[in-house]
Amino acid sequence: MSYIISTAYLAVLLSAVFVILRWSNVRCCGQTPVGTFTFVALLFTAGLDMGLVMLPLTEFPAYAADDAYRFTNPLAIEFGMWGPLVWMMYFLSAFYFVVLEPRLQIFEIPIVRWVYNLTVIATCAFTCYLFLTALPSYIGDISATAQWGIVVCVIAMSVYSSGNLNFMKWLAVTSTWMFVILAIVAVLAAAYYYSAVGLGGLASNLGLLSDYFANLQHFVSPITAYHEFYLFWWFSWSIMIGQFVSMFVGGLRTWRLAVAMILLPSIPLAVWFAVLYIYFEQQITIPAWLNWFMVTVGIVFVVNSLDSLIRLYGLNLGWTKTRLGSAYYPLHFFLQLALVMAYQFTPFKIEWVGVVVIGLYAAVYALMLRHHALVRAAVTEARSSAETVVPAVSR
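Residues numbered from 1 in each chain as written. Predicted model: local features only at pLDDT ≥ 70, side-chain atom pairs only at ≥ 80, totals over all residues. Heavy atoms only, no water.

*Asks:* Whenever I open this one, the side chain of N117 confuses me. Can you help?
*Replies:* As for its placement among the helices and strands, N117 is situated in helix α7 (residues 110-138). Since its relative accessible area comes to 0%, N117 is described here as buried. A polar atom in the side chain of N117 sits 2.9 Å from the side chain of N316. Those residues within four positions of N117 in sequence are excluded, and the remaining contacts are Y313, N316 and L317. (Helix = DSSP H or I, 4+ residues; strand = E, 2+ residues; numbered from the N terminus. Buried < 20%, exposed > 50% of the residue type's maximum accessible area, 1.4 Å probe, protein only. Polar contact = N/O pair within 3.5 Å; in protein donor to acceptor, adjacent residues only side chain to side chain. Contact = heavy atoms within 4.5 Å.)

Here's what the structure looks like:
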């Protein structure tokens, strides 16, 4: 499995670099273009879940204690688990769906379409399952009944949001600002109230992140079994997140799309992890009021992740609110609830989904090589329409 994930990950990263260098000035415009801030907010909230908000506090000690991670500091390791290389996969798939898929239509082939959308459904449910299993770590002494009650509410809210695009956009932007406020409050509390490190402590931690780039080669293949799990998890997300956000690209050239999808999401990630690292270094216990703030933001992030994936496979399979009417809500609700229970009570694993997605990548690469003339035509068409396409939205 390690060989499979290493080969696939390296192939995708090299492909992303090729696209940025070779087709840097190709204009990319989705079906429903939005402003860059809204686009990044949709990407950031769809591509992340509650683990971003809470998980690093449990992972820092593990990274500090494991000899396999001794080549750098725990903060750089955490950033590597979530950082720029991961977002390069999302960028590559978004570019594909904006520029190449309209001409190639590989994902319209029935077997590809069904296999792909089954992976979307399964990954969507896994996100909710992780939320379910992690809740006791975030909310102490929570009962099993309360856990399932919160999960049911999250699924219901996600299904509602998936059927209302304007609400989905509003929720993504709102949760992004909530995350920014959370980071500011958390760093001020840690730097001035619960310790005396000041903002210099945050700056010092941000400096530690440079070690990630100095050790970049370590992150292109699994460091440990836990890192391997992360890579399979991100692979299971990569195509679907790329397709989802491709709908909202606002006429950006390829290199600008790369900046928006790789650099911009990595900045708040870096700041947030640096904030949490203060709590780890200073051994500060998260106060109840801050913990509930983090839980609230995390729950909204889970809703953002689920609603984007539900909307995506719903559109792909024709299971839309327009077509199904009132049946839309119970269909998606009970489908997701059933799959969460399958993850809970069966041996089903996200690694299996990741392997299937890697197989989809292999199929796409093979068909692109077979129809390389169509690939060239798609890129040429995108270049030639650069002057006539609607300008990028600047809001």
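*Asks:* Is there a simple way to think about the pattern of salt bridges in this case?
*Replies:* It is possible for side chains of opposite charge to pair when their charged atoms get near one another. Taken as a whole and assessed by the stated rule, the structure comprises 2 salt bridges. One salt bridge connects D67 with R70, and the closest N-O pair in it is separated by 3.4 Å. For the pair D67 and R70, a shared accessibility class is recorded, and that class is exposed. Taking the shortest distance from any N to any O, the salt bridge between E381 and R103 comes out at 2.5 Å. Placement of the pair is E381 in helix α18 (residues 372-384) and R103 in helix α6 (residues 84-104), with a sequence separation of 278 residues. With a relative accessible area of 35%, R103 lands in the partly exposed category. (Salt bridge = Lys/Arg side-chain N within 4 Å of Asp/Glu carboxyl O.)

*Asks:* Sorry, what's going on with the confidence of the model for the chain here?
*Replies:* Parts of the prediction with low pLDDT should not have their coordinates interpreted in detail. The share of residues in the chain with pLDDT of 70 or more is 97%, and the mean pLDDT across the chain is 88. Scored below 50 in pLDDT, residues 389-395 shows 14 contacts in the model against residues more than four places distant or in partner chains. (pLDDT = per-residue confidence, 0-100.)

*Asks:* Any chance you could explain helix α13 (residues 254-281) here in plain terms?
*Replies:* In an α-helix, one full turn covers 3.6 residues, which means residues spaced three or four apart are oriented alike. Along its 28 residues, α13 runs 40 Å from first to last C-alpha, staying within 8% of the 40 Å computed at 1.5 Å per residue. Within α13, the axis deviates most sharply at A260, by approximately 30°. Of the residues one or two after α13, Q283 is the one with positive phi, at around 55°. (Expected span 1.5 Å × (residues − 1). Bend = angle between axes of the 7 residues up to and from the residue.)

*Asks:* Got a minute to help me understand the nonpolar core in this structure?
*Replies:* Nonpolar side chains tend to gather and get buried jointly when the protein is soluble and globular. Counting 149 residues, the largest nonpolar core has F39, L52, W82 and W272 as the members making the most contacts within it. Ranked by residues supplied to this core, first place goes to α6 with 16 residues. Among all residues touching W82, those that are not within four sequence positions of it are L48, D49, G51, L52, L55, E59, W87, Y230, W234, L269 and F273. (Core = buried A, V, L, I, M, F, W, Y, C linked by side-chain atoms within 4.5 Å.)

*Asks:* What should I look at first to understand the packing of aromatic side chains in this one?
*Replies:* Each aromatic ring pair is characterised by the separation of its centres together with the angle its planes make. Overall, the coordinates contain 47 aromatic pairs when judged by the stated rule. Aromatic pair F18 and W23: ring centres 5.4 Å apart, planes at 75°, arrangement edge-to-face. The partly exposed category is assigned to F18, whose relative accessible area is 44%. Overall, W23 belongs to the buried group, its relative accessible area being 12%. Taken together, the ring pairs in this structure connect W82, F126, Y129, Y226, F229, Y230, W233, W234, F273 and Y343 into an aromatic cluster. (Phe/Tyr/Trp six-rings, centres within 6.5 Å; stacked < 30°, edge-to-face > 60°.)

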